[in-house]
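Structural characterization, general
Residue strings, one per chain:
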Amino acid sequence: MINSKLFKISGLILLLIMFLGCQSNPIPQSFSDSPKANDLIFLAHLNEQSQSYQKAIEIYLELSYIDSPPIWAEKASRLAIDKNFNELALESTHRWLALEPDEFTPKAARLIALLRASSLDEFKNLALIVIEGASDPGFGMLLIAQALRAEDNFVLSLPVFKAINQIYEDNAESAYVLSVLCLQNNLLSESLIFASRANHLKPDWKEAAIHYSSLLFLNQQVIEGYKIGFQATGSSVSIDEKISLGETLIQTGNSLLAKNYFLKLNSLYPDDLRVMTGLGITNFSLGRTDDASLIFTNLTHQSAYRDQANYFLGLIAYENFNYQQAFRFFSRVTDGLYFIRAHQLASDITANVFGDLEGSISYLSSLQTAYPNYDEELELAKIFRLVESSEFERAQKIALNNKNKANTEIDFAIIYTEVSTAYISSLILYDNLNAFSKIEIVIHEVGANFQLLLLKSNIEQNLNRLNDAIATLKLCLDFEPESPLVLNAIGYLLTDKLNMHDEAYQYITKALEGNPDNPAIQDSMGWVLFNLERYNEALPHLERAHSSFNDPEVIYHLIRTYQQIGSATQYEYYKSLLLLTYPESHFTKIIR
């Protein structure tokens, strides 16, 4: 069977491009007498401004070979990394590193390119060069981790750093980086082991101690975590490091312990407003809203803390259903970490409590005029508000308008795609023809990707355009050639709808090799074997699928198979099970 989860669309994804943005650089004097170089420089800048990034990168690379200042290879590398042209990133970082072999920055860019290309052997070799060339191996490891921390696939470097750790097993920084990577891979137990080792090797390293402390909190070892953290910060003269432990306690949900800790800090530093803020947050987390309100009201008189205080006062009013007051507090936030969230909540109150969607959108638009630095984030807030109100086409229009703007930090092409998939997914429920026309428009605007093609194939199946659906699924394999779910979907359609059982068997076999524990794929294998009249071979796959996936389609396949084998007892058992458990199922109606 085709697993229905294959076609579920995820929630909106917010992607912020925050690392290695292109920097402007002066044009080298050596090009002033080179007409060809000057023409290329002009063309490169023109293509970059018009968002023809691939062409711009290629021209910058060509420039890097005309003369040898590293600026052009650097610009090509930064642009390729920033815009996710991974093949060009490999080529341009190779050139940049050749021109500046002793500098760390091109090495860092090269490491990013190699990681994105999954070239882990070369990644390891270059990482070792950085580590061995640093003043201290531990410092080199931290440099690498700092450069890669914004990469989504930084987690993939875990095997590399484990191999490096075998060389530097007595290095605290190596253990610390491994602990962070294990945590990002949801390997809490391993992360704890490496954090403990880092703390043991360098007990005076406060950052590592606080990291270890936070892991102990996550592992419910609260007393030990508090002890480690308090020892690390208690020996420090820095109030900042003491406060960081309190923040860790808050972030790991230990509000009562955090409150007691901040009370101790308050006795030592009675005038420190960060300590007062910590007390306010912990009181709010513990539901002591009167105490929290008093603290935050006092903090509104301090300009540096006013925005945060108004935000929490707004939350307190909101939780007490005092929406007018909550709106007033949220609307007073003028900057900082809580700005967008505060005004999103004010917008939500206007739309959902006061029933004024247009007023909610107008409110966000007025903020764009007053706070132009937050223009993109407020555009995004409007999109979210419209989507939550099922105003998909208006949300699409805003995303599309912003997609065509140059130099945006938020990737509105992705936002447009996600809004569109949510909209089209809702249309599938009642209007597949309209859904199909909409997805054609989206693919024209942003190009095909894996999720859009999956959605398109689902619509084509609903419209009974089965050959088109299979062709679209095969296009998905251009993006993920080994995807078990796509291979299974193709195979199941071939055997269940088109009677092409031999070809279907090849696809499903490959899918099962990639994911042998998936019950949907097990069911598909059972069904194609049934259609090939290999009934005894089909049964183990169908039974295994049913053992973890009590689905009417799987039960129907078992009924048909036992019927062919001539096992009356099992046939009647599964028939009764289907009739009793799924009386309204399409498969139940078939066997009645």
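Once that is clear, we can look at the overall build of the protein chain. Regarding its fold elements, the protein chain presents 33 helices and zero strands. Taking the principal axes of the C-alpha coordinates as reference, the protein chain spans close to 85 × 70 × 55 Å. Nonlocal contacts in the protein chain, meaning residues at least 24 apart in sequence, comprise 54% of its contacts between residues at least 6 apart. When the accessible surface of the protein chain is summed, it comes to about 28,600 Å², and 51% of that surface belongs to carbon and sulfur atoms. Separation between the mean location of the 45 positive side-chain charges and that of the 70 negative ones in the protein chain comes to 4 Å.

Before going further, it helps to examine the pattern of salt bridges. Under the definition given, this model contains 21 salt bridges. Glutamate 122 is paired through a salt bridge with arginine 110; the nearest N and O atoms lie 2.9 Å apart. Taken together, the residues glutamate 122 in helix H6 (residues 120-133) and arginine 110 in helix H5 (residues 104-116) connect sequence positions 12 residues apart. Residue arginine 110 is classed as buried on the basis of its relative accessible area, which comes to 6%. Here arginine 288 and aspartate 291 are joined by a salt bridge, their closest N and O atoms 2.9 Å apart. Classification of aspartate 291 by relative accessible area gives partly exposed; the value is 32%. Through salt bridges that share partners, Asp240, Asp272 and Arg274 make up one connected network.

Located in the positive-phi region is asparagine 84, a residue other than glycine, with phi close to 65 degrees. Within the element layout of this structure, asparagine 84 appears in the loop between helix H3 (71-82) and helix H4 (86-99). Phi at asparagine 464 takes a positive value of approximately 65 degrees, unusual for a residue other than glycine. For asparagine 464, the location among the structural elements is in the loop between helix H25 (450-462) and helix H26 (466-479).

A few words now on helix H8 (residues 158-167). Helical geometry note: an α-helix holds 3.6 residues per turn, so side chains three or four residues apart project in the same direction. Restricting attention to buried positions, one finds in H8 the residues Leu158, Val160, Phe161, Ile164 and Asn165. End-on, the buried residues of H8 take up no more than an arc of 155 degrees, which puts them together on one face. The exposed set on the far side of H8, more than 90 degrees from its buried face, consists of Pro159 and Gln166. At its buried positions, H8 is contacted by H6, helix H7 (137-148), helix H9 (172-184) and helix H10 (188-201).

For the rest of this paragraph, the subject is the nonpolar core. Counting residues in each nonpolar core, the largest one holds 50 residues, and the members touching the most others are Tyr60, Leu63, Phe123, Ile144, Leu148, Phe161 and Ile164. In this view, isoleucine 144 contacts Phe104, Leu111, Ala127, Val130, Ile131 and Phe161; residues no more than four positions away in its chain are not counted. Membership of the second largest hydrophobic core comes to 42 residues, among which are Phe312, Leu313, Tyr363 and Tyr374.

What follows deals with the packing of H9 against helix H11 (residues 206-218). Packed helix pairs are characterised by how far apart their axes lie and by the angle those axes make with each other. Two numbers describe how H9 lies on H11: the axes approach to 11 Å, and their chain directions differ by 30 degrees. It follows from the interaxial angle that H9 and H11 lie roughly parallel. Like other packed secondary-structure pairs, H9 and H11 cross with a definite hand, here left-handed. Counted together, Tyr176, Ser179, Val180 and Leu183 of H9 and Glu207, Ala208, His211, Leu215 and Leu218 of H11 form the full contact between these two elements. Grouping the constituent residues of the contact of H9 with H11 by class yields six nonpolar, two polar and one charged.

So, about the packing of aromatic side chains. A complete count under the given rule lists 23 aromatic pairs for this structure. With a centroid separation of 4.5 Å and 20 degrees between ring planes, the pair formed by tyrosine 311 and tyrosine 338 is classed as stacked. Note that tyrosine 311 is positioned in helix H17 (residues 306-319) and tyrosine 338 in the loop between helix H18 (323-331) and helix H19 (339-353), a separation of 27 residues in sequence. In this pair, the class of tyrosine 311 matches that of tyrosine 338, namely buried. Geometrically, the ring pair formed by tyrosine 562 and tyrosine 574 is stacked, given 5.8 Å between the ring centres and 10 degrees between the ring planes. With tyrosine 562 in helix H31 (residues 552-565) and tyrosine 574 in helix H32 (residues 568-581), the pair connects residues that are 12 residues apart, well separated along the chain. Here the basic side chain of arginine 95 rests over the ring of tyrosine 65, its NZ or CZ set 4.1 Å away from the ring centre. Residue placement shows arginine 534 over the ring face of tyrosine 505; its charged tip is 5.1 Å from the ring centre.

Looking at the secondary structure, you find tryptophan 527 in helix H29 (residues 519-531). For tryptophan 527, a relative accessible area of 6% translates into the label buried. For the pair formed by tryptophan 527 and glycine 253, sequence separation is 274 residues and the distance between their alpha carbons is 49 Å. Once residues within four sequence positions are removed from consideration, tryptophan 527 is found in contact with Tyr492, Thr495, Asp496, Leu542, Tyr556, His557 and Arg560.

Model confidence for the protein chain is summarised by a mean pLDDT of 88, while 93% of its residues fall at 70 or above. Counted against residues more than four places away or in other chains, residues 4-33, with its pLDDT under 50, gives 67 contacts.

Close contact between H10 and H11 brings their axes to 9 Å; oriented N to C, the two are set at 145 degrees. H10 and H11 meet at a crossing whose hand is left-handed. Along the contact surface, H10 presents Leu188, Ser191, Leu192, Ala195, Ser196 and Asn199, while H11 presents Ala209, His211, Tyr212, Leu215, Leu216 and Leu218. Of the residues assigned to the contact of H10 with H11, the class counts are eight nonpolar, four polar and no charged.

Attention now goes to a nonpolar patch on the surface. On the surface, a nonpolar cluster with roughly 300 Å² of combined accessible area is contributed by Phe42, Leu43 and Leu46. Along the polypeptide, phenylalanine 42 turns up in helix H1 (residues 35-49). A residue is classified by how much of its surface remains accessible, and phenylalanine 42, at 55% relative accessible area, is exposed.

What follows covers the side chain of glutamate 379. If you trace the backbone, glutamate 379 turns up in helix H21 (residues 375-388). According to the relative accessible area criterion, glutamate 379 is buried, its value standing at 9%. Polar contacts involving the side chain of glutamate 379 include one to the side chain of asparagine 402, which spans 2.6 Å. Apart from the residues lying within four places of it in its own chain, the contact partners of glutamate 379 are Gln368, Ile398, Asn402 and Phe412.

Conventions used here
- Residues numbered from 1 in each chain as written.
- Predicted model: local features only at pLDDT ≥ 70, side-chain atom pairs only at ≥ 80, totals over all residues.
- Heavy atoms only, no water.
- Helix = DSSP H or I, 4+ residues; strand = E, 2+ residues; numbered from the N terminus.
- Contact = heavy atoms within 4.5 Å.
- Areas by Shrake-Rupley, 256 points an atom, 1.4 Å probe, with all protein chains shown as cover.
- Lys, Arg positive; Asp, Glu negative; His and termini not counted.
- Charge placed at Lys NZ, Arg CZ, Asp CG, Glu CD.
- Salt bridge = Lys/Arg side-chain N within 4 Å of Asp/Glu carboxyl O.
- Buried < 20%, exposed > 50% of the residue type's maximum accessible area, 1.4 Å probe, protein only.
- Arc of directions from axis to C-beta.
- Core = buried A, V, L, I, M, F, W, Y, C linked by side-chain atoms within 4.5 Å.
- Axes fitted to C-alpha atoms, helices over the stretch in contact; angles between N-to-C directions.
- Parallel < 35°, antiparallel > 145°, perpendicular 65-115°, else oblique.
- Left-handed = near helix turned anticlockwise from the far one by under 90°.
- Nonpolar A, V, L, I, M, F, W, Y, C, P; charged D, E, K, R; others polar.
- Phe/Tyr/Trp six-rings, centres within 6.5 Å; stacked < 30°, edge-to-face > 60°.
- Lys NZ or Arg CZ within 6 Å of the ring centre and 35° of its normal.
- pLDDT = per-residue confidence, 0-100.
- Patch = residues over 30% accessible without salt bridge, like charges linked within 9 Å, V, L, I, M, F, W, Y side chains within 5 Å.
- Polar contact = N/O pair within 3.5 Å; in protein donor to acceptor, adjacent residues only side chain to side chain.

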